[in-house]
Amino acid sequence: MDRYIDMAFIQERKFTMQRTCVIGIGLVIHIYLFYKKWKSSLQKPIITMKIPTKSQSGTYGNSITIEATVDSSPEALDIKWKKKNYTIKPDGRKFIIDESNKAKPTLTILCLDFDDSGNYTISATNALGSTEENFCINVKGDNIIFISGPVVVLPAGKILFRAVKPPNIKITREEWYNTNNNITRKIKSEEGIFLKPDVSTLEIDNATTENSGTYQLSVESSIGTLKSNTITVFVDDSEMFSTEQEGNCLRFYALQSECKETMRKTMDRKIRNFSTTWTFYLQRHAARNLRI
């Protein structure tokens, strides 16, 4: 009797060991297949780029957004935007970069100028390597609005802007804007301010220092929103001085300051900002003096 019990115990133990072995092999195979599948899913970033439907068109004066789709496993940790080998840095004035979603980073270029045409490059890097992709922007200028006006105006003087618009489009609405101390406001008709959409002019009588700032015209048309060039106006307060010579001196410094500010804004729209460009100029100037 004991012999039969021992044999049954041995057979059960052998069966248990065989079952455990089968389960173990199955588990190993399952882990191996999972690892193989996981390993095959690892890859360097794959990038595609497009202009989203919510973005404005690539027309002069508009703002355009480039959207990239980054397929990366593991996730891309380093994303950079470049133009002409210069890394683009967000400044809020010309470039806005949104990387809140690493899989869909965007670059927005504000107030398009003809210099903004060209190839823009995005590079994405993960643990397996880096990938670059290019996107070309061609700024169109077929329908451009230009405004003309003064730069320096005497207190109590008149600020007069005139606009030239393409004759082949239908204008449905015009809005003038003034930006002063980084605050932009829409100009409304009120005492001393005359908006004349029929002739596309803006007149401001009895100008004060509050009327200083950067002016721009925005219109709604049959082909969408169009924006003009910008003009910065400085209202000169030289009447506080008693002599004409002092007043002229102030006008000169005001115009000089305005020219520098205009140059700075122009430079800030480039890849290298004003400070970098100005330092580069001073270094070249110093080197030239040493050679002399």
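(A) How the structure looks around the sheet that holds strand β5 (residues 95-98). Overall, antiparallel pairing links the four strands, which are arranged β1-β2-β6-β5 in an open sheet. Only two strands of the sheet have a single partner each, and these edge strands are β1 (43-50) and β5. Put simply, the sheet's adjacent strands are angled 15° from each other on average, direction ignored. Sheet topology places strand β2 (residues 64-73) next to strand β6 (residues 106-109); four bridges connect them, and they run antiparallel. For Glu67, the partnering residue across the bridge sits in β6 and is Thr106.

(B) Molecular detail of unusual backbone geometry. At Cys111, a position not held by glycine, the phi torsion is positive, near 45°. By the secondary structure assignment, Cys111 is in the loop between β6 and β7 (118-126). In this model, Ala156 sits at a positive phi of 65°, which is unusual for a non-glycine residue. Relative to the elements of secondary structure, Ala156 occurs in the loop between β10 (152-153) and β11 (159-164).

(C) Focus on the nonpolar core. In this structure, Met49, Ile66, Trp81, Leu107, Ile109, Tyr120 and Ile137 are the most contacted members of the largest nonpolar core, which totals 22 residues. Breaking this core down by element, the ones donating at least two residues are β1, β2, β3 (78-83), β6, β7 and β8 (129-137). Element by element, the count of residues in this core is highest for β2, at four residues. Those residues in contact with Ile66, other than ones at most four positions away along the chain, are Met49, Lys50, Ile51, Trp81, Pro105, Thr106, Leu107, Tyr120, Phe135 and Ile137. Counting residues in hydrophobic clusters, the runner-up holds 20 residues, among them Val153, Ile159, Ile187 and Val233.

(D) Looking closely at the side chain of Asn211. By the element assignment, Asn211 lies in the loop between β15 (201-204) and β16 (213-221). What makes Asn211 buried here is its relative accessible area of 10%. If we skip the residues at most four places from it in the chain, Asn211 touches Ile159, Asn178, Ile204, Asn206 and Val235.

(E) Looking closely at the sheet that holds β11. With antiparallel pairing, the four strands of this open sheet are ordered in space as β9-β11-β15-β14. Whereas interior strands pair on both sides, the edge strands pair on one side only; in this sheet they are β9 (146-148) and β14 (193-196). Neighbour to neighbour, the strand axes of the sheet diverge by 15° on average, direction disregarded.

Here is what the cut-offs are and how they apply
- Residue indices follow the written sequence of each chain, beginning from 1 at its first position.
- Only residues with pLDDT of at least 70 are given local features in this predicted model, and only at 80 or more are side-chain atom pairs given and counted; all residues enter the totals for whole chains, interfaces and linings.
- The side-chain numbers reported here are obtained from all heavy atoms of the structure, hydrogens and water having been left aside.
- Whether two strands pair comes down to DSSP finding at least two bridges between them.
- Helical segments are the DSSP runs of H or I of at least four residues, strand segments are the runs of E of at least two, and each set is numbered from the N terminus.
- The axes are straight lines fitted to the C-alpha atoms, using for helices just the contacting stretch, and the angles between their N-to-C directions are given from 0 to 180°.
- Each nonpolar core is a collection of buried residues, namely Ala, Val, Leu, Ile, Met, Phe, Trp, Tyr and Cys, held together in the definition by side-chain atoms within 4.5 Å.
- Each residue is assigned to one of three classes by its accessible area relative to the maximum for its type, calculated with a 1.4 Å probe on protein chains only: buried under 20%, partly exposed between the two thresholds, exposed over 50%.
- Contacts were defined at the residue level, with two residues in contact if any of their heavy atoms lie within 4.5 Å.

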